[in-house]
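# Observations on chain architecture
Listed below are the residues making up each chain.
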Amino acid sequence: MFLFSTANFCNATKMGRFTFNKTAVGWFSYSNELCTSSEGSTGLPKATTQCTNDNGRPTFQRAQTFRCGTSLGDLQQMINSTNASTIAISTQILTSKPETLTAENITMAAKITTTLLLGSSLKEAINFTVVTISQLLKASRSEFSSQTSSVIESLTSALENFTLTVGSSQSETVVQPNLAMKSLKVNVSHGAAQGIQFSATPSTTQSFVSDRIYTSSVPQLTINKTTPTGVNIFIKFPQERTQEAMKVGFVLYQNDKFFQSRRFATPLGTTRNVITGSISSDTVGLRKTVPEFVELLYQPPPIRNATLYDFACVFWDYSLGDWSTEGCFKSNRLSETDLARGMVGCVCNHTTSFSMLLSFRKDVKYSKAMDIITFVGCFLSVIALSATILLELIVSKSRKSNTTMILVSIYSSLLLFNLLFIFGANKPPVVGTVMADRSGNHMLKSDLHVDRDSGPCTAVTALMHFFLLATFTWNALYAMQMLLTNLRRTQLCSLRLSQSRFTVISLIVGWGFPLVLTSFTLAVSYSVENPLNYRQQEFCWLATMDENGTFDPRRTLLWSFLLPVAVLLFFNTVELVYFSITAVRQARRTRRRSKTKTNNSCTLLKEVISSISLAVLLGLTWLIGYLLLVSHDPDVHTVLSIIFCVFNTTQGIQIFLLIPDWGRISTALRSMPTPTVSIGLHSKKYNVRAQHGKGLPEVYRKMETDFTSNFHILSPSSNLPKEKET
């Protein structure tokens, strides 16, 4: 029974006791009826059929059944005593769920398929065998290992030779989602054909379909500039073979899982088409003929947020078990228009399995609005922090020297961080060409191109990392000082440290801890060849994202900054809880204390509140930053980005408005030494500004002679007495 439909698909239908889903022409469909656990081979389909195009009508062929309970091991034992078609059909169905295949399954299936390809009775089962190979190409990449490499190499070599064997007697085309095979015989006598071209344009899903596979006898590589270009290979026949018929074979692999390189890394997760082209004189059997040249043209699919930077023309060297560039060169026929379309070309002087290794550079995108917010916010923060440092130095005489040193260290660290951010963090993206080098064809190391480190960006990143860590470290020391002071007041701690000793410890911890952590981070994650393992490309700051643009906890930002900062902020939180409890207890006894003790308690309370406020201010900003990293919703990400940008760049302004003790600053400003002004009035010198304060009189003195008059104590409202001239 043959069922057909219109267009390029066979519609879903029922054939006898089996039902099949809609399938593209040339592909195989599997029955919805599956083997049960009692039958064995649980979950595998019981039948398969191919959708073919007979006389322009897509048609399902007769269903081929599978005996449930059969295993790949059974087929290996039966291969020499059972019909090749039965073995091929059973192998195809046993590999129909490639995502479940293990390395052992892949090895057994590859051995069976290789044996079938080398046999003499495969022609009637070639479709089933090619389907099996296509399904193996869809297995998990991690299952292809050293255990399978030798078996896979035997399989690809046997398939290449098989295309020449089939082509000696007939033209054969088999197209499956992940594999396309073409065998044909070309008459080159009397210059009838100078070369053969094979072209394939993948579908939108990057799968192969039969109506997008073409071959043509042409004198040179030809492309249609109006249609999308996929993979093109042109083999130029040798001049000395012009009186012979040539057997030609092509095999196109959708990915490179059969050709996994140890020399070429794929952090971007890219795959590449591999195409095998072979020719042989009809009179010399399977011995391959060396062509005049082989030319390839390829238009790779676009990579999200990346631009093609470089490529290498390579072939699979079976002796090396890896890609090699020997005998291959970059084509110089491509125009600037072709390059702009992302097309790349190669020329080789031999036939084998070819591919192109592509290297991409990540695109860098900036938000102009955020650049403006960042610059303005940081600039205002620099002014505010400078003013805060000046005010702290003004009131330094009225407080302990350690407190001033710690606060100035906090503000100075944050000030230097903002200065570095303004003048050094903004790193313009490097704009690369389509091809880094049009003349040289060298082996690439990775599909991700990273520029060799140059310029000050890494140094700026390290300094910003250091000063921002120092900001949080000094804030924790500030909290520690407040905690020790409170413990001594409540007589819960007998530890006594002199100011000089505490100063030394603070300097070692405050600057030493950030220095050690910054140096360690550089040592374990930075290299000149790959600086992006340490910092970002977009701007000079610690790396946060992987190659796909998602937050990677293995990157430096998490373990070298966020985790240490979280520990320091946790300490401040513990101190806040502890002080809140002790403050309640002390409040009950406040009335019994002397006025001096009460004032001291109020001073301590203000300093602790200042420490906690600073911790909350800094911690809240980076809490938003962490939520920004782990958020996936685009709208939430945008909102958090703006909030983090505003909070982070205006920290200096917030500190200036919230942290300083404005009452103490006002008192210190009023008690500053009074300036004097000389006025030429009968050679007398007067104090023209009253000094206010308890116990401070208003005085004047006669400067005309060595004689000093009596001092007069005046009230602020009284007039200055007039001194008689002498």
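Structure: above.
Everything in this summary refers to the structure shown in the same document. (Residues numbered from 1 in each chain as written. Predicted model: local features only at pLDDT ≥ 70, side-chain atom pairs only at ≥ 80, totals over all residues. Heavy atoms only, no water.)

### Concerning the overall build of the protein
Counting secondary structure elements, the protein contains 15 helices and 22 strands. Within the protein, the fraction of its 726 residues that count as buried is 49%. Counted over contacts in the protein with a minimum sequence separation of 6, partners at least 24 positions apart contribute 71%. Accessible surface, the protein as shown: approximately 36,000 Å² in total, 58% of it carbon and sulfur. (Helix = DSSP H or I, 4+ residues; strand = E, 2+ residues; numbered from the N terminus. Buried < 20%, exposed > 50% of the residue type's maximum accessible area, 1.4 Å probe, protein only. Contact = heavy atoms within 4.5 Å. Areas by Shrake-Rupley, 256 points an atom, 1.4 Å probe, with all protein chains shown as cover.)

### With respect to the pattern of salt bridges
Following the criterion strictly, the structure yields 9 salt bridges and no others. Note that Asp552 and Arg555 form a salt bridge whose closest N and O atoms lie 3.7 Å from each other. Each member of the pair Asp552 and Arg555 is classed as buried. (Salt bridge = Lys/Arg side-chain N within 4 Å of Asp/Glu carboxyl O.)

### Considering the packing of helix H2 (residues 84-94) against helix H3 (residues 103-118)
In the contact formed by H2 and H3, the axes pass within 11 Å of each other and the chain directions differ by 150°. Comparing the axis directions of H2 and H3 gives the class roughly antiparallel. Crossing angle aside, the handedness with which H2 passes H3 is left-handed. Mapping the contact onto sequence places Ala84, Ile87, Ala88 and Thr91 in H2 and Ala109, Ile112, Thr113 and Leu116 in H3. Considered class by class, the residues forming the contact of H2 with H3 number 6 nonpolar, 2 polar and no charged. (Axes fitted to C-alpha atoms, helices over the stretch in contact; angles between N-to-C directions. Parallel < 35°, antiparallel > 145°, perpendicular 65-115°, else oblique. Left-handed = near helix turned anticlockwise from the far one by under 90°. Nonpolar A, V, L, I, M, F, W, Y, C, P; charged D, E, K, R; others polar.)

### Here's the deal with helix H10 (residues 499-525)
Taking 1.5 Å per residue, 27 residues should reach 39 Å; H10 reaches 39 Å between its end C-alpha atoms and fits that length. For H10, the complete set of buried residues consists of Phe502, Ser506, Gly510, Pro514, Leu517, Thr518, Thr521 and Ser525. (Expected span 1.5 Å × (residues − 1).)

### Considering the nonpolar core
Grouped together as the largest cluster of nonpolar side chains are 56 residues, with contacts concentrated most on Tyr253 and Phe258. If sequence neighbours within four positions are ignored, Phe258 has contacts with Ile133, Leu136, Leu137, Phe144, Ile152, Leu155, Thr156 and Tyr253. In terms of nonpolar packing, the next biggest core, distinct from the first, is built from 47 residues, Cys378, Phe467, Ala470 and Phe502 among them. (Core = buried A, V, L, I, M, F, W, Y, C linked by side-chain atoms within 4.5 Å.)

### Observations concerning the packing of aromatic side chains
Both the distance between ring centres and the angle between the ring planes are used here to describe each pair of aromatic rings. For the structure shown, the criterion picks out 19 aromatic pairs. With centroids separated by 6.3 Å and ring planes inclined at 75°, the aromatic side chains of Phe417 and Trp541 adopt a geometry described as edge-to-face. Taken as a pair, Phe417 in helix H8 (residues 401-425) and Trp541 in the loop between H10 and helix H11 (556-587) lie far apart in primary sequence, 124 residues in all. Judged by its relative accessible area of 3%, Phe417 is buried. For Trp541, a relative accessible area of 7% gives the class buried. Among the aromatic side chains, those forming a connected cluster through ring pairs are Phe144, Tyr253, Phe258, Phe259, Trp316 and Trp323. The ring of Phe9 carries the charged tip of Lys22 above its face, separated from the ring centre by 4.8 Å. Positioned above the aromatic ring of Phe311, the side-chain terminus of Lys330 is 4.9 Å from the ring centre. (Phe/Tyr/Trp six-rings, centres within 6.5 Å; stacked < 30°, edge-to-face > 60°. Lys NZ or Arg CZ within 6 Å of the ring centre and 35° of its normal.)

### Re the state of the cysteines
What the rule picks out here adds up to 5 disulfides. The side chain of Cys328 participates in a disulfide bridge whose partner is Cys348; the two sulfur atoms lie 2.1 Å from each other. What sets the handedness of the Cys328 and Cys348 disulfide is the S-S torsion sign, and at about 110° it is right-handed. Highlighted residues: Cys328 in strand E20 (residues 328-330) and Cys348 in strand E21 (residues 344-348), separated in sequence by 20 residues. A single burial state applies to Cys328 and to Cys348, both of which are buried. Two residues share a disulfide in this structure: Cys457 and Cys540, whose sulfurs sit 2.1 Å from each other. Since a negative S-S torsion denotes a left-handed disulfide, the Cys457-Cys540 link at about -130° is left-handed. (Disulfide = S-S within 2.5 Å.)

### Description of H3
The end-to-end C-alpha distance of H3, which contains 16 residues, comes to 22 Å, matching closely the 22 Å that a straight helix rising 1.5 Å per residue would cover. For H3, the complete set of buried residues consists of Ala103, Ile106, Thr107, Met108, Ala109, Ala110, Ile112, Thr113, Thr114, Leu116 and Leu117.

### Observations concerning the sheet that holds strand E22 (residues 353-362)
Taken together, 7 strands build an open sheet; the order of strands is E10-E11-E15-E16-E22-E18-E19 and the sheet is antiparallel. In the strand order of this sheet, the two ends are held by strand E10 (172-176) and strand E19 (322-324), each with one partner. Here the average twist between neighbouring strands, direction ignored, is 25°. Note: strand E11 (residues 179-187) against strand E15 (residues 245-253), 9 bridges, orientation antiparallel. Across the sheet, the residue bridging to Lys185 is Lys247, located in E15. (Pairing = 2+ DSSP bridges.)

### Concerning the pairing of strand E16 (residues 274-281)
Burial analysis of E16 places 8 of its 8 residues in the buried class, which makes it a mostly covered element. Sheet analysis places E15 next to E16, joined by 8 bridges and oriented antiparallel. Counterpart to Tyr253 in the pairing with E16 is Val274. As defined by bridge partners, E16 adjoins E22 across 2 bridges and the pair is classed as antiparallel. By the bridge assignment for E22, Ile275 is matched with Phe354.

### Section: the environment of Asn8
Among the structural elements, Asn8 can be located in the loop between strand E1 (3-4) and strand E2 (9-10). On the accessibility criterion, Asn8 (40% relative accessible area) is partly exposed. Sequence separation between Asn8 and Ser210 is 202 residues, and the spatial gap between their C-alpha atoms is 9.5 Å. Not counting chain neighbours up to four residues away, the residues in contact with Asn8 comprise Thr23, Ala24, Val25, Pro58 and Asp211.

### Focus on the side chain of Arg272
Tracing the chain through its elements places Arg272 in the loop between E15 and E16. A distance of 2.8 Å separates a polar atom in the side chain of Arg272 from a polar atom in the side chain of Asp256. A polar atom in the side chain of Arg272 sits 2.9 Å from the backbone oxygen of Thr270. In this structure Arg272 touches Gln254, Asn255, Asp256, Phe264, Thr266, Ser355, Met356, Leu357 and Leu358, once residues within four positions along its chain are discounted. (Polar contact = N/O pair within 3.5 Å; in protein donor to acceptor, adjacent residues only side chain to side chain.)

### Structural notes on the sheet that holds strand E17 (residues 293-298)
Taken in spatial order, the 6 strands of this open sheet run E13-E12-E14-E17-E21-E20, and their pairing is antiparallel. Where the open sheet ends on each side, the last strands, each with one partner, are strand E13 (213-217) and E20. The mean inter-strand angle of the sheet, taken between neighbouring strand axes irrespective of direction, is 15°.

### Let's talk about the pairing of strand E7 (residues 47-54)
When you tally the buried positions in E7, you get 6 out of 8 residues, the bulk of the element. Of the pairings in the sheet, the one linking strand E6 (residues 28-30) to E7 comprises 3 bridges and is antiparallel in character. In the strand pairing of E7, Tyr30 is matched with Thr48. Two elements, E7 and strand E8 (residues 57-60), share 4 bridges in a ladder whose sense is antiparallel.

Treat this as a map of the structure, not an account of what it does.
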